[in-house]
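Chains, contacts and geometry: an overview
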Amino acid sequence: MKVMILSPALISGATSDVKLMEQKWPFKGIFGRFDESSLQRGFQVYREVCAACHGIRHISYRDLKGIGYTNDEIKVIAGDYEVVDGPNDEGEMFDREALPSDKFVGPYENDKIARLANNGAYPPDLSLIVKARANGADYLYSLLNGYKDYPENFEASEGMYYNEFYPGYQIAMPSPLMDDIVEYSDGTEATQEQVAKDVTSFLAWTAEPELEERKSLGVKTLFFLILLTIMLLGVKRKIWKDVE
Amino acid sequence: MSKDTEKKGITSWIDERLPVFTFINHNLRDYPTPKNLNYFWNFGSLAGVTLVIMIITGILLAMQYTADTDLAFDSVERIMRDVNNGWLLRYIHMNGASMFFIIVYIHIFRGLYYGSYKYPREILWMLGVVILLLMMATAFMGYVLPWGQMSFWGATVITNLFSAFPVVGDYIVTFLWGGFSVDNPTLTRFFVLHYLLPFAIVGVVALHLVALHQFGSNNPTGIDVKSDGDTIPFHPYYTVKDYFGLGVYLIIFAALVFFAPNFLGHPDNYIPANPLQTPAHIVPEWYFLPFYAILRAVPDKLMGVLLMFAAVAVLFLLPWLDKHRVRSAQFRPYYKQFYWLFFVDCMILGWVGAMPAEGIYVTISRAASIYYFAFFLVIMPILSRYEKIGELPSSISSAVLSDKFDKGTESYAK
Amino acid sequence: MKKTTIQAKKETSKIDEEKRDFLFVTTAGLAIAGGAATAISLINTMNPAKDVLALSTTEVDLSPVEEGQSLTVMWRGKPIFIRHRSQEEIDSASNVSIENLKHKATDDSRVENPKWLVVVGVCTHLGCVPLGQKIGDSKGEFGGWFCPCHGSHYDTSGRIRKGPAPLNLEIPPYKFVSDDIIKIG
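Everything quoted here is computed from the prediction, not taken from an experiment.

When helices and strands are counted, chain A shows seven helices and four strands. Counting helices and strands in the order they occur from the N terminus, chain A gives α-α-α-β-β-α-α-β-β-α-α. Here the C-alpha atoms of chain A give a radius of gyration of 23 Å, more than 25% beyond the 18 Å that 2.2 N^0.38 yields for 244 residues. Counting only C-alpha atoms and orienting by the principal axes, one finds that chain A spans roughly 80 × 60 × 40 Å. With 244 residues in all, chain A has 43% of them scored as buried. The long-range fraction of contacts in chain A, counting pairs at least 24 apart against all pairs at least 6 apart in sequence, stands at 62%. For chain A, the exposed area adds up to about 13,200 Å²; of that, 53% sits on carbon and sulfur atoms. Measuring between centres, the 26 positive side-chain charges of chain A sit 14 Å from its 39 negative side-chain charges.

So, on to the state of the cysteines. Cysteine pairs can be linked by a disulfide, which is a covalent bond between their two sulfur atoms. Applying the stated criterion across every chain, the model contains one disulfide over all chains. With a sulfur-sulfur separation of 2.0 Å, C128 of chain C is cross-linked through a disulfide to C149 of chain C. Disulfide C128 of chain C-C149 of chain C: the torsion about the S-S bond is -100°, which places it as left-handed. With a gap of 21 residues between them, C128 of chain C in the loop between β4 (116-120) and β5 (143-147) and C149 of chain C in the loop between β5 and β6 (152-155) connect regions that are remote in the sequence. Here C50 of chain A stays free of any disulfide, with the sulfur of C53 of chain A as its closest cysteine sulfur at 9.1 Å. Exposure remark for C50 of chain A: the relative accessible area of 15% places this residue in the buried category.

As a further point, take the pattern of salt bridges. This structure, assessed with the given rule, holds 24 salt bridges over all chains. Residue R41 of chain A pairs with D186 of chain A through a salt bridge whose shortest N-O separation is 2.9 Å. Here R41 of chain A, found in helix α2 (residues 36-48), pairs with D186 of chain A, found in the loop between β4 (170-171) and α6 (192-207); they are 145 residues apart in sequence, far enough to count as distant. According to the relative accessible area criterion, D186 of chain A is partly exposed, its value standing at 41%. When the shortest N-O distance is used, the salt bridge between D107 of chain C and R85 of chain C registers 3.0 Å. With D107 of chain C in the loop between α4 (87-94) and β4 and R85 of chain C in the loop between β3 (78-84) and α4, the pair connects residues that are 22 residues apart, well separated along the chain. By relative accessible area, D107 of chain C is classed as buried at 5%. Among the ionic contacts, a cluster of salt bridges with common partners joins K118, D322, R332 and E387 of chain B.

Attention now moves to the packing of helix α12 (residues 289-297) of chain B against helix α13 (residues 301-321) of chain B. All names here are of chain B. Axis separation between α12 and α13 bottoms out at 7 Å; the angle between their running directions is 145°. The two elements α12 and α13 cross, and the hand of that crossing is right-handed. Residues F291, I294 and L295 of α12 lie in contact with α13, whose contacting residues are G304, V305, L307, M308, A311 and V312. Class assignment of the residues belonging to the contact of α12 with α13 gives a composition of eight nonpolar, one polar and no charged.

Let us now look at the sheet that holds strand β1 (residues 58-61) of chain C. All names here are of chain C. Pairing is antiparallel across the open sheet formed by three strands, whose spatial order is β1-β9-β8. Each having just a single partner strand, β1 and β8 (174-176) make up the two edges of the open sheet. Taking each pair of neighbouring strands and ignoring which way they run, the sheet shows an average axis angle of 20°. Two elements, β1 and strand β9 (residues 181-184), share four bridges in a ladder whose sense is antiparallel. Within β9, the residue paired with D61 across the bridge is I181.

Looking now at a nonpolar patch on the surface. Residues L18, V20, F21, F23, I24 and L28 of chain B make up a contiguous nonpolar surface patch of roughly 550 Å² in combined accessible area. In this fold, L18 of chain B is placed in the loop between α2 (9-17) and α3 (20-29).

What follows is about the confidence of the model for chain A. Residues and elements named next belong to chain A. For chain A, mean pLDDT is 90; residues scoring 70 or higher make up 93% of the total. Mean pLDDT across the secondary structure elements of chain A bottoms out at helix α1 (residues 8-11), with 39, and peaks at α6, with 97. Predicted confidence is poor over residues 1-15, with pLDDT under 50, and the contacts of this stretch with residues over four places away or in other chains come to 26 contacts.

Residues and elements named next belong to chain B. Scanning all chains against the criterion turns up four cavities of 30 Å³ or more. Roughly 50 Å³ of volume is contained in the largest cavity. Those elements that place two or more of their residues in the lining of the largest cavity are α12 and α15 (360-386). In terms of residues, the lining of the largest cavity owes the most to one element, α15, which gives three residues. Its boundaries defined by the atoms lining it, the second largest cavity holds a volume of some 40 Å³. What lines the second largest cavity is simply F73, V76, E77, R90, P146, N269 and Y270. The element contributing the most residues to the lining of the second largest cavity is helix α5 (residues 72-81), with three residues. Of the residues assigned to the lining of the second largest cavity, the class counts are four nonpolar, one polar and two charged.

Before going further, it helps to spend a moment on the interface of chain A and chain B. Of the residues lining the interface, 44 residues belong to chain A; the matching set on chain B comes to 47 residues. Of the roughly 3,900 Å² buried between chain A and chain B on both sides combined, carbon and sulfur atoms contribute 70%. Along the contact surface separating chain A from chain B lie two salt bridges. The partner of R57 of chain A in a salt bridge is D74 of chain B, with the nearest N and O atoms 2.9 Å apart. Along the contact surface separating chain A from chain B lie nine residue pairs in polar contact (both at pLDDT 80 or more). The set of elements that each furnish at least two residues to the side of chain A that touches chain B consists of α1, α6 and α7 (211-240) of chain A.

Moving on, we get to the packing of aromatic side chains. For the structure shown, the criterion picks out 60 aromatic pairs over all chains. Here F342 of chain B and Y372 of chain B contribute two aromatic rings whose centre-to-centre distance is 5.4 Å and whose plane-to-plane angle is 45°, an arrangement assigned as tilted. Of the two residues, F342 of chain B is situated in helix α14 (residues 333-353) and Y372 of chain B in helix α15; the sequence distance between them amounts to 30 residues. Note on F342 of chain B: relative accessible area 3%, which makes it buried. For Y372 of chain B, a relative accessible area of 6% gives the class buried. For R41 of chain A, the ring lying beneath its charged end belongs to Y184 of chain A, and the centroid distance is 5.6 Å. Positioned above the aromatic ring of W240 of chain A is the side chain of K236 of chain A, whose terminal nitrogen or guanidinium carbon lies 5.0 Å from the ring centre.

Thresholds applied
Residues numbered from 1 in each chain as written. Chains lettered and ligands numbered in written order. Predicted model: local features only at pLDDT ≥ 70, side-chain atom pairs only at ≥ 80, totals over all residues. Heavy atoms only, no water. Helix = DSSP H or I, 4+ residues; strand = E, 2+ residues; numbered from the N terminus. Rg over C-alpha atoms; globule rule 2.2 N^0.38 Å. Buried < 20%, exposed > 50% of the residue type's maximum accessible area, 1.4 Å probe, protein only. Contact = heavy atoms within 4.5 Å. Areas by Shrake-Rupley, 256 points an atom, 1.4 Å probe, with all protein chains shown as cover. Lys, Arg positive; Asp, Glu negative; His and termini not counted. Charge placed at Lys NZ, Arg CZ, Asp CG, Glu CD. Disulfide = S-S within 2.5 Å. Salt bridge = Lys/Arg side-chain N within 4 Å of Asp/Glu carboxyl O. Axes fitted to C-alpha atoms, helices over the stretch in contact; angles between N-to-C directions. Left-handed = near helix turned anticlockwise from the far one by under 90°. Nonpolar A, V, L, I, M, F, W, Y, C, P; charged D, E, K, R; others polar. Pairing = 2+ DSSP bridges. Patch = residues over 30% accessible without salt bridge, like charges linked within 9 Å, V, L, I, M, F, W, Y side chains within 5 Å. pLDDT = per-residue confidence, 0-100. 1 Å grid on protein atoms, 1.4 Å probe; cavity = no way out; pocket = protein on both sides within 12 Å on 5 of 7 lines; lining within 4 Å. Points joined across faces, edges and corners; volume = space filled by probe spheres on them. Buried area = accessible area lost by both parts, 1.4 Å probe. Polar contact = N/O pair within 3.5 Å; in protein donor to acceptor, adjacent residues only side chain to side chain. Phe/Tyr/Trp six-rings, centres within 6.5 Å; stacked < 30°, edge-to-face > 60°. Lys NZ or Arg CZ within 6 Å of the ring centre and 35° of its normal.

Here is the structure:
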């Protein structure tokens, strides 16, 4: 797409210069929709793998309805987490089970602890990660599959990993995925590529939960506007036909 | 039109005391308009519609937004996720800013091509430049409100421009910030001003329209209206033409909002502001890129800032820089060529503005900046002196007819 | 002059005119419908958002509330008065003759379990919060609640007995999830 060159988003996106592994995402395009089963698998990957270090603070448990969970299932999922609430009548903070109305519980109490636990590198919140990177979905997928051994002559830093898609090539996150890192209940084979694809789809959803509604409303709106504009052209022509 | 018989009952009772209906009649119905306006004359009304869209969506957004550094980013995400149709509201407002600038830039280039800034429309033109300045200030402050990385660093870089002024520079910057860095006081005042300025724009737009209706619209030939035969009533001819143009515009606008809402934005603005980490490339919104390129083209900080402001300020002087008697570029073959070169030059400035300020881009941006100013300060005065005044059609009607005749012979020849 | 010739032309082509009217009317109708739909969806942003609605149910543990005590909880930004009524209070509420009430309702119809009265603590007159929850508060002439704003008295069933308020204190939707826990909303 040549026009894309004009988009500032792509001119200076923070990616390295290696060509991304472009995937066919079902949520791209005018009629794009999420693949619900992929989102649920991706959520499982997030819970079992990513959530150890990364939060998703803009999503509430109740939002999981959007990827096909029922209210009762959501209650159970939320119940697995504890949130700090209070102060109670004794003036003390207390832990309670998370409710569907609570935001996703993050792994760290605050940014400082997160840094301390990760060699000074802050594991970013993943709610918006797909929107916050140029070509976010392809970038994320590539990053998850982009770990390599250090090339010769590359000066490796302590506690850093080589990833050809990361700006500067050195990333503090160790390769998070591998084959069969999770076991899918729907029988899908959990290859590393599949896992990366599912978790990327899930994070595309957390970034844009409104995507399906937006696109379907968009198609209707455009249809309406095009019809109206053609009719207006007709009206305009009729009114103007007598003007010399 | 027999207005007297039309006015009856309550309408005439009100109109006699408060002549709103007469006013509407004068300015939106019978208002005589040159009959040869092309589609570039749609952009004024499109800008007006966009202003209304921006104000309505802006007011609704302000009901949900929180101007506090700890809460701003999250409140925007709440709008996107939890508020009913909040994503639609925000995407309309966000892309509306871009659409507004596209419309207004085309509107300006149209004026530049057809000499709409010349006698007797100098004040009309200058009011337009005031609107542009107000829009720029409003858009800049609006971009800060989501409090993402680009919001924060854009605000930091742009406010720091004022530190270029000797002696008072630092004082001004501290004053703008209300502190020693872009922080909560800055965000709060930007929000207040972002809410306020659009209403100032509405005021200037009203003056712009008063000035417009004093002499009526210019037209593609640039020739004054000479008789009733040159004009048609605004309603229904131009109302319906404006509606049709609006339809086309809304199709493009909707395509952007629904299918590429972040195409013109920057991904970094979905990262919450972090005062400790500057993004790799700070890029302003696309509509500021040509000016940003001029700023960066100059190695001296103060000069860069002054030139950037001068790039807009020079528009105020336009009526006195171009004193050529012919308005429309249609009848000015030399001006026409320089005009298109200027148009391309602005595109190039926009493009280099988005590139890193290094290597070949610096050279290009310098050459393009020089032409930008040369066009106004050198070429225009010289052309107004030496460009020959060719033969003009005797009236708008005759121009229109001969145009049709030309086309007819052309197709016949083929 | 021009206009009159145009007008004359219009009148001559009658069929054309009708077609045009049809086009005009349908186009205008479509445009108005589109404008209205847009206006509605934009105004809808002012309705309660999803996060607000998500907080519209709340569970309350009643076990720490002794007989005769009261508990105030927040629900949808409003206080909910929960009173663990003594037998005496229950009796005084149920022994009132309905005929004499301003807003007729039996005590039975206002409780799930007679021991627990759950009402929205907002005076039905003009929205003040009545007194009567805290120890030492005036409970009014009927042992329930007393609104200090304009002097409305509520009884131990939360019914209006005296003063300007037109209606009994509202009963929020709630149910007993277990013996000790109610879910409001």
